[in-house]
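# An overview of the molecular structure
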Amino acid sequence: MKRLGALLTLLIVVSQAGVGAQVSQKAVSPQHLLSAYPQFLKGLDQSTLVWKDGTRTPLSGGHPFTSAADRLDRPDLSELLRQPYPSCTPLHTPAYAEDPGRARPAAFFDKMYGNSPAAVRSHLVSVNWFGQRVLFSRVNGANLALEAVARDLATRPELRNYLTPSAGTYLWRVVAGSGRQSAHSWGIAIDLNTRYSDYWQWEGHKEFARNIGYKNRMPQAVVWAFERHGFVWGGRWYHHDTMHFEFRPELSFGAC
Ligand SMILES: [Zn+2]
């Protein structure tokens, strides 16, 4: 009886630990894609995303990943959703390889925002970023989200130096040192003032090196203003890029 009791206790402890581990690493539900992009997406058919134009995109690309870099080089939708983004939580130093939102299946974003410079440019509109005119996509209301961020931050003049001048929004390019399409290509990302920014590549680190030291000078109030309007911040990544914000409402849907 005593042994049975001990066994039961052990089972309970193991199952609680298992639940805890699952909760902390639980992937984002694909339903968040539907909520974030209702103009494009119709529904889910088991594990396939169905677009309004009839296109069907399996959540899994069907290929095993060979390395952490491979996950970023050719992510599928499951990979996009694998790491929950901690929107509207206090700023913290990300753990090794914690990069929520950094994996972008290019075909998914190409289909919404444009798959060439000309296609993307046809959707760009001018947004007033504290007196600076910047180009942003009007697709999915990304421009309206950026305007809302600017409105929120307009009441905080003490934060202005972090925000301006913006180091850029739209630019069709790949991420430096990789073949991956940058979110700037789709007109959904903005870089803030580089003078108060930190970027892992500026210190000569190799990607996924263990010794990338985290640095950040961006105040939480700036980060939260973006996050509450559907942006993710590069400062929440192990590969930190603290000037960088991009419109990713499938991942950032907090209230703060
Ligand atoms: Zn950027």
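Predicted model only: the values in this text are computed from it and were never measured. (Residues numbered from 1 in each chain as written. Predicted model: local features only at pLDDT ≥ 70, side-chain atom pairs only at ≥ 80, totals over all residues. Heavy atoms only, no water.)

Below, the discussion takes up the layout of surface pockets. In this structure, the largest pocket encloses a volume near 300 Å³. Taken together, 20 residues form the lining of the largest pocket, with Arg 173, Val 175, Tyr 199, Asp 241 and His 244 sitting closest to its centre. When its residues are assigned to classes, the lining of the largest pocket shows nine nonpolar, five polar and six charged. (1 Å grid on protein atoms, 1.4 Å probe; cavity = no way out; pocket = protein on both sides within 12 Å on 5 of 7 lines; lining within 4 Å. Points joined across faces, edges and corners; volume = space filled by probe spheres on them. Nonpolar A, V, L, I, M, F, W, Y, C, P; charged D, E, K, R; others polar.)

Turning next to the sheet that holds strand 2 (residues 48-51). Spatial strand order, 1-2-3: three strands in an open sheet with antiparallel pairing. Bordering the open sheet on either side are strand 1 (41-45) and strand 3 (56-58), each of which pairs with just one other strand. Across this sheet, the average inter-strand angle for adjacent strands is 25 degrees, counted without regard to direction. Bridge analysis of strand 2 against strand 3 gives three bridges, and the strand direction is antiparallel. Each bridged residue has a counterpart across the sheet, and for Thr 48 the counterpart in strand 3 is Pro 58. (Pairing = 2+ DSSP bridges. Helix = DSSP H or I, 4+ residues; strand = E, 2+ residues; numbered from the N terminus. Axes fitted to C-alpha atoms, helices over the stretch in contact; angles between N-to-C directions.)

Taken as a whole and assessed by the stated rule, the structure comprises one disulfide. The side chain of Cys 88 participates in a disulfide bridge whose partner is Cys 256; the two sulfur atoms lie 2.0 Å from each other. Since a negative S-S torsion denotes a left-handed disulfide, the Cys 88-Cys 256 link at about -50 degrees is left-handed. Placement of Cys 88 in the loop between helix 4 (77-82) and helix 5 (106-113) and of Cys 256 in the segment after strand 8 (244-247) is noted, with a sequence separation of 168 residues between them. In this structure Cys 88 comes out as buried when scored by relative accessible area, which is 14%. (Disulfide = S-S within 2.5 Å. Buried < 20%, exposed > 50% of the residue type's maximum accessible area, 1.4 Å probe, protein only.)

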